[in-house]
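Here are the chains, one letter per residue:
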Amino acid sequence: MKLSVFILVLSLLLIVQSKAEKQANRTELLGAYIYNFAKLSDSPIKRKSSTYNIILITRESQLISEFKKLSEAKTIDGKSIKVTTSSSSQFDKNGISLAFIAKDMKAYCNKIFKMTKNTNILLVSEEYKDKLKVILNLYQASDGSFRFEMNRANLYERSIRINDEVLLMGGSQLDNYALYQENQAKYNREITQKEKQLKNIKNQTSEAQKKLGEKEQLLADQKKEIKGLVSEKDSLHQDIDSLNQAIAQQEESFGKRITLYQNIYQGLMKAHDRIENQNNEIEKSDETLSMLKRQLQAMDSELNDKNKVIQGKEVKISESNNLIVILSVVSFIIGCLLILLLISRRKVRRQNLQLAKQKEAISKHNHVLSQNNLELQEKRAMIEEKNNLINDLNHNLEERIELKTLELTDTINHLNKTVSELDRFIYSTSHELSAPLKSVLGLINIAKIDQSNNHQEYYQLIETSVLKLEDTIKSFVTFSRNSRQEIQNVECNLHLITSEIIEDMKFYDQTTKIDIQIKITEDIFIISDSMRLKIILSNLISNAIKYHDPQKENKWLKITYARSSESHIISIIDNGIGISNNQLDKIFEKFFRASSRSTGTGLGLYIVKDAVDHLQGTIQVKSDEGQGTEFVIELPFVVPIKSSKKKTVVNQQQNI
């Protein structure tokens with residue numbers, strides 16, 4: 001039981017510590033992102049203000065503390081950082097360059113976005129869903145890392161510029177057109193739903209109006225019938241008048257007159273009854289009509305009440321969700337306290353029983369202690385021996401720790417070197433790709449200005465730039481394939497591979513001016529990786545052709561093969577312009593160009609060296625400036641696959 005209680009308490013402490021560490025890591029990442037956003041952005045308010053003012057909209061004390069530390073330790077463009085906080089959507093906009101809305105205050109995002117719309121404030125939000133109303137929105141991906149979304153349309157609207165390098169920090173640009181279509185589709189769905197509801201109401205109203213029309217028609221018929229009865233009553237009154245006159249004239253026929261009078265009276269009574277019945281039916285129709293009108297009004301009020309109830313339920317659901325979370329946490333804490341209380345009570349009872357037993361056992365233990373003293377002396381001798389052994393182990397452990405520390409230091413230095421090489425590679429890659437494109441754009445603009453119809457020269461220059469761009473891309477593709485692809489040993493015909501490479505280079509203008517001699521018999525086969533073998537030979541042969549000496553009448557290039565007891569030896573020899581001695585030790589470095597005539601990326605010989613290393617071989621160079629150059633490659637008879645895979649993994653790590 002004690003063990004279970006200990007495990008429970010320990011797990012609670014670990015959960016609390018894990019949450020605290022995650023929260024601390026989150027605040028540090030948010031501070032780093034906000035600082036980089038501020039540093040890489042530019043706006044009129046940023047240039048105008050003497051300090052860089054940040055408004056932090058949150059109630060998180062840890063986040064506020066992190067931003068205070070940031071303001072004390074950092075500056076932006078030589079300006080100090082001033083951080084203010086707000087726990088509502090109302091704050092002074094004057095002089096603010098950046099506003100950050102943390103996720104605990106994201107309910108204010110829409111209001112703050114509208115409030116700051118006509119300003120230069122860079123608005124940064126956290127986990128806000130409405131993509132049309134964000135500028136920079138930070139969110140946590142499924143793998144736990146932070147990402148952000150950038151809405152350039154809102155940046156342009158606020159006259160804010162931001163460096164494209166910010167996207168390298170894990171950002172993505174939002175497609176405003178897609179967001180507009182998505183929002184429009186959502187709006188259309190809501191409109192369709194409202195139209196259906198309106199259609200149902202119209203159908204109900206039309207049915208009620210139809211019933212009302214029927215009742216009105218029935219009422220009109222009844223009114224017509226009443227009019228007929230009234231006219232009949234008038235005619236009866238006329239008959240009575242005429243009868244009275246007849247009675248006055250014919251008193252002698254009194255008996256007949258009384259009979260006639262009685263008949264007329266009965267007819268009047270019947271007519272009167274019929275009129276009363278018709279009046280009752282009219283009153284009932286009026287009551288039905290008013291009831292239908294009340295039903296229509298009730299339906300309208302009921303529809304409004306339902307909308308209010310739905311809105312109230314949505315608020316209650318959100319409140320109940322929060323309440324459920326709080327209640328679950330409180331219930332869990334209360335349960336833990338109850339368990340601890342029960343355990344402590346049981347523990348007290350057990351301790352009381354144990355005390356009674358221990359009192360009885362004390363007398364017995366006194367006798368045992370004398371025997372234990374003898375055993376302790378023997379154990380002390382054993383402990384001294386073990387302590388000596390532990391000291392020896394600690395000494396060995398310290399040596400191992402020092403060794404591991406040195407290895408870790410070497411690894412860190414290697415990673416730092418790799419990062420610097422990667423930065424240089426990205427810079428050089430962007431330069432190599434953008435230079436031909438800028439050249440093409442410049443030539444196109446010149447061609448537009450030039451009104452003559454002879455644009456052939458421009459087309460040739462554009463073609464040269466495009467071919468240079470294609471050569472650059474091929475170099476990068478070759479570099480990537482050589483770094484990542486595993487060794488695949490196959491039987492290679494060396495004479496055939498060399499002939500195919502030279503055949504592919506016939507389109508070079510210089511190829512026809514050079515005497516190329518392949519001194520490899522057609523029956524030479526070697527076991528190696530054909531892809532890397534082609535990379536090595538094509539780069540060296542291409543360089544020999546490109547950097548020939550135009551001053552010499554007899555220009556030649558020789559490719560030879562020899563075999564030693566342990567390896568294949570391939571030599572590429574030319575009488576070109578050569579390489580100076582002070583540059584020989586740099587030619588295999590990345591992006592190094594040994595000649596002013598070089599138009600490539602500076603990756604060719606670096607890729608050759610890397611490919612030779614993958615094949616477990618060596619490469620040597622001899623050159624005299626103005627005389628020529630000789631490259632000698634030695635390759636093993638069979639490349640060990642396992643060692644090749646290990647080397648490929650190392651190279652992939654370097655490239656990463």
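Remember, predicted model here, so these are calculated numbers, not experimental data. (Residues numbered from 1 in each chain as written. Predicted model: local features only at pLDDT ≥ 70, side-chain atom pairs only at ≥ 80, totals over all residues. Heavy atoms only, no water.)

1. With respect to the sheet that holds strand β14 (residues 556-563)
We count it as follows: Only when DSSP finds a minimum of two bridges between them are two strands counted as paired. Numbering of helices and strands runs from the N terminus; a helix is a DSSP stretch of H or I covering at least four residues, while a strand is a stretch of E covering at least two. Axes here mean lines fitted to C-alpha atoms, for a helix over just the part in contact, with angles spanning 0 to 180 degrees between N-to-C directions.
Judged by pairing direction, the sheet is mixed, and its 5 strands sit side by side in the order β12-β14-β15-β17-β16 without closing on themselves. Here the strands that pair on one side only, and so sit at the sheet edges, are β12 (515-519) and β16 (618-624). Across the sheet, the mean angle separating the axes of adjacent strands is 10 degrees when strand polarity is ignored. Here β16 runs beside strand β17 (residues 628-636); their pairing, made up of 7 bridges, is antiparallel. The partner of Ile 619 across the bridge, within β17, is Ile 633.

2. Remarks on the pattern of salt bridges
So the rule is basically this: Whenever Lys or Arg places a side-chain nitrogen within 4 Å of a carboxyl oxygen from Asp or Glu, that contact is recorded as a salt bridge. Any residue under 20% of the maximum accessible area for its type is buried, any over 50% is exposed, and the rest in between are partly exposed; the area is computed with a 1.4 Å probe on protein chains only.
Taken as a whole, this structure holds 10 salt bridges when the rule is applied. The closest approach of N and O atoms between Arg 532 and Asp 529, which form a salt bridge, is 2.9 Å. As far as the burial class goes, Arg 532 and Asp 529 line up, both buried. Bridged by salt links that share partners, the residues Arg 26, Glu 60 and Glu 126 form one connected network.

3. Comments concerning the packing of aromatic side chains
The condition that has to hold: Each pair of aromatic rings taken from Phe, Tyr and Trp, with Trp reduced to its six-membered ring, is defined by centres within 6.5 Å and is described as stacked if the planes are under 30 degrees apart, edge-to-face if over 60, and tilted in the remaining cases. Put simply, a charge is over a ring when the Lys NZ or the Arg CZ is close to the ring centre, within 6 Å, and near the line of the ring normal, within 35 degrees.
In this structure the tally under the stated criterion is 5 aromatic pairs. Summarising the aromatic geometry, the rings of Phe 37 and Phe 148 are spaced 5.0 Å apart at their centres and angled 75 degrees between planes, so their arrangement reads as edge-to-face. Of this pair, Phe 37 sits in helix α1 (residues 2-40) while Phe 148 is found in strand β8 (residues 146-150), placing the two residues 111 residues apart along the sequence. Phe 37 gets classed as buried once you look at its relative accessible area, which sits at 0%. Given the relative accessible area of 1%, Phe 148 is considered buried. Its guanidinium or amino end placed over the ring of Tyr 35, Lys 74 lies 5.3 Å from that ring's centre, counting from NZ or CZ. Seen from the ring of Phe 113, Arg 158 lies directly overhead, with NZ or CZ sitting 5.1 Å from the centre.

4. Section: the sheet that holds strand β3 (residues 75-76)
Selection rule: It only takes one pair of heavy atoms within 4.5 Å for two residues to be counted as in contact.
In space, the 8 strands of this open sheet follow the order β3-β4-β2-β5-β6-β7-β8-β10, with mixed pairing throughout. Each edge of the open sheet carries a strand with a single partner, namely β3 and β10 (171-173). Alignment of strand β7 (residues 136-140) against β8, held across 5 bridges, turns out to be antiparallel. Bridged to Leu 136 within β8 is Met 150. Lying over the sheet, helix α3 (residues 61-73) contacts β2 (52-57), β4 (79-86) and β5 (98-101), oriented at roughly 165 degrees with respect to β4.

5. Observations regarding a positive patch on the surface
Keep this limit in mind: Without a salt bridge and with relative accessible area above 30%, a residue can belong to a patch; like charges are then joined within 9 Å and nonpolar side chains (Val, Leu, Ile, Met, Phe, Trp, Tyr) within 5 Å. Calculation of accessible area relied on Shrake-Rupley with a 1.4 Å probe; when residues are assessed, cover is drawn exclusively from the protein chains displayed. Neither His nor the chain ends is counted toward charge; the positive residues are Lys and Arg and the negative residues Asp and Glu. Lysine's charge is taken at NZ, arginine's at CZ, aspartate's at CG and glutamate's at CD.
Together, Arg 345, Arg 346, Arg 349 and Arg 350 line one region of the surface with positive charge. With respect to the element layout, Arg 350 can be found in helix α7 (residues 254-449). Since its relative accessible area comes to 47%, Arg 350 is described here as partly exposed.

6. So, helix α10 (residues 530-546)
Worth spelling out the cut-off: To estimate the expected span of a helix, subtract one from its residue number and multiply by 1.5 Å. We define a polar contact as two N or O atoms separated by no more than 3.5 Å, with the added condition that, inside protein, one atom must be a possible hydrogen donor and the other a possible acceptor, whereas residues neighbouring each other in sequence contribute only through side-chain atom pairs.
Helix length check: α10 (17 residues) gives 24 Å between terminal C-alpha atoms against 24 Å at 1.5 Å per residue, within 8%. The element α10 is extensively covered by neighbouring structure, given that 12 of its 17 residues are classed as buried. Along α10, the residues classified as buried are Met 531, Arg 532, Leu 533, Ile 535, Ile 536, Leu 537, Asn 539, Leu 540, Ile 541, Ser 542, Ala 544 and Ile 545. Its side-chain oxygen at 3.0 Å from the backbone nitrogen of Met 531, Asp 529 defines the N-terminal cap of α10.

7. Points about the side chain of Ser 49
With respect to the helices and strands, the residue Ser 49 is situated in the loop between α2 (44-48) and β2. On the basis of relative accessible area, Ser 49 is assigned to the buried category, the value being 14%. Looking at Ser 49, its side chain comes within polar contact range of the main-chain oxygen of Ile 45, at 3.0 Å. The contact partners of Ser 49, leaving out residues within four places of it in the chain, are Lys 79 and Gly 95.

8. Some remarks on the packing of helix α9 (residues 494-504) against α10
Note the cut-off: An angle counts as roughly parallel when it lies under 35 degrees, as roughly antiparallel when it exceeds 145, as roughly perpendicular when it falls between 65 and 115, and as oblique in every other case. It is the rotation of the near helix from the far one that decides the hand of a crossing: anticlockwise by less than a right angle makes it left-handed, clockwise makes it right-handed. All amino acids are sorted into three groups, where Ala, Val, Leu, Ile, Met, Phe, Trp, Tyr, Cys and Pro are nonpolar, Asp, Glu, Lys and Arg are charged, and the leftover types, Gly among them, are polar.
One can describe the packing of α9 onto α10 by two numbers: an axis separation of 10 Å at closest approach and a directional angle of 45 degrees. One element, α9, and the other, α10, form an angle in the oblique class. Handedness of the crossing formed by α9 with α10: right-handed. Contact residues: α9 offers Leu 494, Ile 497, Thr 498, Glu 500, Ile 501 and Ile 502, while α10 offers Leu 533, Lys 534, Leu 537, Ser 538 and Ile 541. Grouping the amino acids of the contact of α9 with α10 by side-chain chemistry returns 7 nonpolar, 2 polar and 2 charged.

9. Re the nonpolar core
Heads up, the condition is: Working definition of a nonpolar core: buried Ala, Val, Leu, Ile, Met, Phe, Trp, Tyr and Cys residues. They are joined through side-chain atoms within 4.5 Å.
Phe 37, Leu 98, Phe 100, Leu 122, Val 124, Leu 136 and Leu 138 are the most contacted members of the largest nonpolar core, which has 45 residues in total. Here this core gets 6 residues from one element, more than from any other, and that element is α1. Among the nonpolar cores identified, the runner-up in size contains 36 residues, and Ile 497, Ile 524, Leu 537 and Leu 635 belong to it.

10. Describing unusual backbone geometry
Look at Glu 127: it is not a glycine, yet its phi comes out positive at around 55 degrees. Inspection of the secondary structure puts Glu 127 in the loop between β6 (122-126) and β7. Positive phi values are uncommon outside glycine, yet Gln 616 reaches one of about 60 degrees. Turning to its location among the elements, Gln 616 is positioned in the loop between α11 (604-614) and β16. A relative accessible area of 34% places Gln 616 in the partly exposed class.

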